[in-house]
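# Structure assessment
One letter stands for each residue in the lines below.
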Amino acid sequence: MSLGNAISAALSGLRATQTGVGLIADNIANADTPGYVRKSVIQTTTAAGSGGGVRVVGVQRELDIFVQRQLRAELSGASYADKISSYYGRIEQVYGRPGGINALDTLFNNFTNSLQALVTSPESVSGRTQVLNEAAVLAQHLNAMSADIQALRSEAEFAIAGSVQRVNEILTQIEEISNRIIGANQASAEIASLHDTRDTLIAELATLVDIQTVDAADGQIAIFTTSGVSLFDRKAARLEFDGRDNLNALAFWDSDPTKRNVGTITLTSPNGYQVDLVADKSLRSGTIAAHLEMRDKTLVEAQAQLDEIAHSLALALSNRTVAGTPVSGPPDGFSLDLTQLLSGNTITLTYTDNVAGQQQRVTIVRVDDAGALPLGDNFTPDPNDTVIGVDFSGGMAAVVTALNTALSSTGLVFSNPAGNTLSVVDDGVPDLWDVDGFDASITTSTFNSGDPSIPFFVDGGTSTLYTNFVVADGMQKTGFAARIALNAQLRDDPARLVEYAAGTPAGDPTRPNYLEQQLSAAIRFFSPASGVGTTAGPYSGSIVDFIRQSISMQGANAEGASRLKEGQDIVLNALQTRYNERASVNVDTEMANLLVLQTAYGANARVLATVKEMLEALMQI
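Fair warning: this is a prediction, and the values are worked out from it, not measured in the lab.

## What about the sheet that holds strand S5 (residues 230-233)?
Judged by pairing direction, the sheet is antiparallel, and its 3 strands sit side by side in the order S3-S4-S5 without closing on themselves. Both outer strands of the open sheet, strand S3 (211-215) and S5, are each paired with one neighbouring strand and no more. Geometrically, the sheet is characterised by an average inter-axis angle of 15° between neighbouring strands, direction not taken into account. Here S3 runs beside strand S4 (residues 221-225); their pairing, made up of 5 bridges, is antiparallel. Paired with glutamine 212 across the strands is phenylalanine 224, a residue of S4. This element, helix H2 (residues 65-95), spans S3 and S4 of the sheet and lies at about 155° to S3. Lying on the sheet, helix H4 (residues 125-183) is in contact with S4 and S5; it crosses S5 at an angle near 20°.

Below, the structure is given as structure tokens:
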């Protein structure tokens, strides 16, 4: 090797060593910097014709790409589980623990216990006052619980808005960094640092939205949701969220913008293509998906549970059953006086199809707003009935026509013999159709009707009777827990807790006993919209049974969400450890590498010194 070649080789070694030392210094300096990935020099040998030596061709980041992709996926899952667990824990606090001093079941039991005490001493003024006090506390607690649930929904709405804004900021920053990567020296340490910054942003994005990435050969990256919607491909997409303030029980998401009264997320791609990410169900994990699930499903179900409890409380105490009067036949049937039937009240018709050998049940609902029709079978929780909504605003003739049309496939015939009387009879043919029952559930509107039922609770939001009426905008039941209130007329005259007819003795236990039994013992179906039970098998039991079931369900949900979070954290931590084993900086290792470079630097320096000595000797010759 000539002296010139020796100098060239030694200088190339010094330059490579200098670059390596600089990287080690950066590694050590950033050992505790979040997102920093350990870097090393990529070297190659030069051809002997050029004198030989070594050349730095790039800087590489020491990380496992496969583990990194897994880590991003688990970041989404862990963020989702963390938010879900947090919300469920707060819902559990709203409901209280079974038997807790402020738990819903405790307040309900206080109410029923006060009624039991009134049964034994109906004439007791203090006993009557205690019943009304406990009822008012229960109603107010339902109001407060409903307010808490809607506050959580509003919080989720606000959080979605903030997360969407942050997603846009991240995508904009990723676009800026990607443009810098294109214009930078691909072999420089600057490129590696830009990749670090971009990866940190992508990791944060993964906590908000479930993503997958595709790397390109030129250092670029494409980012998609796991459902396949492009968020970034050389240019960033833009997300928009049209959020609402202060959600209430009537605020629901709907794909129809005219019916939707909560925010939705719209993605606009760089070429102008738009997609509703909520309608498209494109967000499946991450913080935003958790907030959406809470806002549109979990908290809606929680509100439905409270509304179902308030609904059952009101109707259990206020509705009475009026049995139909048999019609002499043939044809056989029944008639009902519907003078006191109110909007939302129901008529139950049972009949037997003798040919099929099956008994059928039909629930006829009084509706005064034609815009609410037709009603679905889910108006009632009973899985075995058929619901027919009938507009009563057109009078009895229109009611008869509507029912004969709706049940034209049967042999039953409806008629209006006089006034507000509705009659139904069979076809008069033996062994074909038989009417088995015809009765109505009517809301009692007065205190001395002669029936122990009583308008105990009213709709405080409208100061009207609660009948569960339905209009084009929805059912009275929706959000009723926020409005249920003790009837002011009852509060002002506690004697009405006993006096169910003119001249009722002060010590008559009939009404208190009826009210207590309706709350504690009467069995009813509860709507599966509450999340308790299913459409095919709705939950049935007493009101107190349903309350306990609801509290237990929320507790179980909180426990399950907590365990899911713990499991996700374990997986995430394990992947983070695997990732850090290669990507993080170990100062001891860097110091050892520094010693190696120092040795190499000394060797190259010694070659230059030797060449210098040889040149000096030659010059002397």
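## Here we look at a negative patch on the surface
A cluster of like negative charges, contributed by Asp332, Asp431, Asp434 and Asp436, occupies part of the molecular surface. Looking at where aspartate 434 falls in the secondary structure, it is placed in strand S17 (residues 433-443). Residue class for aspartate 434 comes out partly exposed when judged on its relative accessible area of 30%.

## Regarding the packing of aromatic side chains
Here a ring pair, both rings aromatic, is described through the centre-centre distance and the interplanar angle of the planes. One pass over the full model with this rule turns up 9 aromatic pairs. The rings of Phe111, Phe456 and Phe457 are connected pair by pair, giving a single aromatic cluster. Directly above the ring of tyrosine 87 sits arginine 90, whose terminal nitrogen or CZ lies 5.9 Å from the centroid.

## A few points about the packing of H4 against helix H5 (residues 189-208)
At a minimum axis separation of 10 Å, H4 and H5 run at an interaxial angle of 160°. Relative to H5, the element H4 lies roughly antiparallel. The handedness of the crossing between H4 and H5 comes out as left-handed. Packed against H4, whose contacting residues are Ser163, Arg166, Val167, Ile170, Leu171, Gln173, Ile174, Ile177, Ser178, Arg180 and Ile181, the element H5 presents Glu190, Ile191, Leu194, His195, Thr197, Arg198, Leu201, Ile202, Glu204, Leu205 and Leu208 at the interface.

## What to know about helix H3 (residues 104-120)
Given a rise of 1.5 Å per residue, 17 residues ought to cover 24 Å, and the 25 Å separating the end C-alpha atoms of H3 matches this to within 8%. The complete set of buried residues in H3 reads Leu104, Asp105, Thr106, Leu107, Phe108, Phe111, Thr112, Ser114, Leu115 and Leu118.

## Side note on the pattern of salt bridges
Here the structure, examined in full by the defined rule, presents 20 salt bridges. For arginine 361, the salt bridge is made with aspartate 382, and the minimal N-O distance between the two is 2.6 Å. One end of the pair, arginine 361, is in strand S13 (residues 358-367); the other, aspartate 382, is in the loop between S13 and strand S14 (385-391), and 21 residues separate them in sequence. Residue classification places arginine 361 among the partly exposed residues on the basis of a relative accessible area of 27%. Under the relative-accessibility criterion, aspartate 382 is labelled buried at 13%. Taken together, the salt bridges that share partners define one network made up of Asp82, Lys565 and Asp569.

## Let's talk about the packing of H2 against H5
Between H2 and H5, the least distance of the axes is 7 Å, while the angle of their chain directions is 35°. Facing H2, whose interface residues are Gln68, Arg72, Leu75, Ser76 and Ser79, H5 presents Asp199, Ile202, Ala203, Ala206 and Thr207. Grouping the amino acids of the contact of H2 with H5 by side-chain chemistry returns 4 nonpolar, 4 polar and 2 charged.

How each quantity is defined
Residues numbered from 1 in each chain as written. Predicted model: local features only at pLDDT ≥ 70, side-chain atom pairs only at ≥ 80, totals over all residues. Heavy atoms only, no water. Pairing = 2+ DSSP bridges. Helix = DSSP H or I, 4+ residues; strand = E, 2+ residues; numbered from the N terminus. Axes fitted to C-alpha atoms, helices over the stretch in contact; angles between N-to-C directions. Contact = heavy atoms within 4.5 Å. Patch = residues over 30% accessible without salt bridge, like charges linked within 9 Å, V, L, I, M, F, W, Y side chains within 5 Å. Areas by Shrake-Rupley, 256 points an atom, 1.4 Å probe, with all protein chains shown as cover. Salt bridge = Lys/Arg side-chain N within 4 Å of Asp/Glu carboxyl O. Lys, Arg positive; Asp, Glu negative; His and termini not counted. Charge placed at Lys NZ, Arg CZ, Asp CG, Glu CD. Buried < 20%, exposed > 50% of the residue type's maximum accessible area, 1.4 Å probe, protein only. Phe/Tyr/Trp six-rings, centres within 6.5 Å; stacked < 30°, edge-to-face > 60°. Lys NZ or Arg CZ within 6 Å of the ring centre and 35° of its normal. Parallel < 35°, antiparallel > 145°, perpendicular 65-115°, else oblique. Left-handed = near helix turned anticlockwise from the far one by under 90°. Expected span 1.5 Å × (residues − 1). Nonpolar A, V, L, I, M, F, W, Y, C, P; charged D, E, K, R; others polar.

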